[in-house]
Amino acid sequence: AGTGGASGSAEPLEANLRCDLKLPRSLERDEKKREPMNIIIVGCGKVGSSIASELNLEGHEISVVDINHGAVDKLANSLDVLGIEGNGATYDVLIEAGAEYADLLIAATARDEINLYSCLMAKAAGVTHTIARVRNPEYTSDLFRVKDQLGLSMAINPEQTAAIEISQLFRF
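What comes next is a walk through the structure. (Residues numbered from 1 in each chain as written. Predicted model: local features only at pLDDT ≥ 70, side-chain atom pairs only at ≥ 80, totals over all residues. Heavy atoms only, no water.)

Describing the environment of Val47
Convention followed: Only DSSP runs of H or I with at least four residues qualify as helices, and only runs of E with at least two residues qualify as strands; both kinds are numbered from the N terminus onward. Using a 1.4 Å probe on the protein chains alone, a residue whose accessible area is under 20% of its type maximum counts as buried, one over 50% counts as exposed, and one in between counts as partly exposed. The contact criterion used is simple: two residues touch if any of their non-hydrogen atoms lie within 4.5 Å.
Mapped onto the secondary structure, Val47 falls in helix α2 (residues 46–57). Owing to a relative accessible area of 33%, Val47 belongs among the partly exposed residues under this scheme. Distance in space between the C-alpha atoms of Val47 and Ala108 is 6.4 Å, their sequence separation being 61 residues. Those residues within four positions of Val47 in sequence are excluded, and the remaining contacts are Ala108 and Arg133.

If you want it as structure tokens, here you go:
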């Protein structure tokens, strides 16, 4: 990722997102080698549930974590996933979810701060790669400055990513 200039101005948003959205080589799909990954998903809302469902269909080993017992129960009973009720930003809960052996943690709660802290704790617990859902544009524009310190493999701002994709459709 690049850095801002001496005046402190950040790079254009598009450049930041392109950089942050590039998947690490070890996570890119290789159609010949489709070994299942051990994945932890923090947040069992609409986004986390959709991700869990898709990754479950692909045959990955999934653990889902949420403080909401009903959301965890619903996913654990409808998919082949391990459900953990607890705070996914705490070390002990991440260890219970299998962080020591996880290839990837996806933090998809409704709170950016929880997502970023979950990724930080996941790295401390031994997770290889982390992805955070970060919706606040102020955080997104500054992430390139601390991405490595937070141990982030990727950060996604769904709204900004969609806006960029839509604008690119109209470029000729």
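Still more to cover.
Quick look at the pairing of strand β2 (residues 61–66)
Our working definition: Two strands are said to pair when DSSP picks up at least two bridges between them. Here is how to tell: hold the view so the strands point away, follow the path from the first strand over the helix to the second, and if it runs clockwise the crossover is right-handed.
In terms of residue burial, β2 counts as a mostly covered element, since five of its six residues are buried. Here strand β1 (residues 38–42) pairs with β2 via five bridges, running parallel. Bridging from a neighbouring strand, Ile39 pairs with Ile62 of β2. In this fold, the crossover linking β1 to β2 by way of α2 has right-handed handedness. For β2 and strand β3 (residues 81–85), the ladder comprises five bridges, and the chain directions are parallel. Residue pairing across strands places Ser63 opposite Leu82, the latter belonging to β3. As for the winding sense of the linkage, the β-α-β connection from β2 through helix α3 (residues 69–78) to β3 is right-handed.

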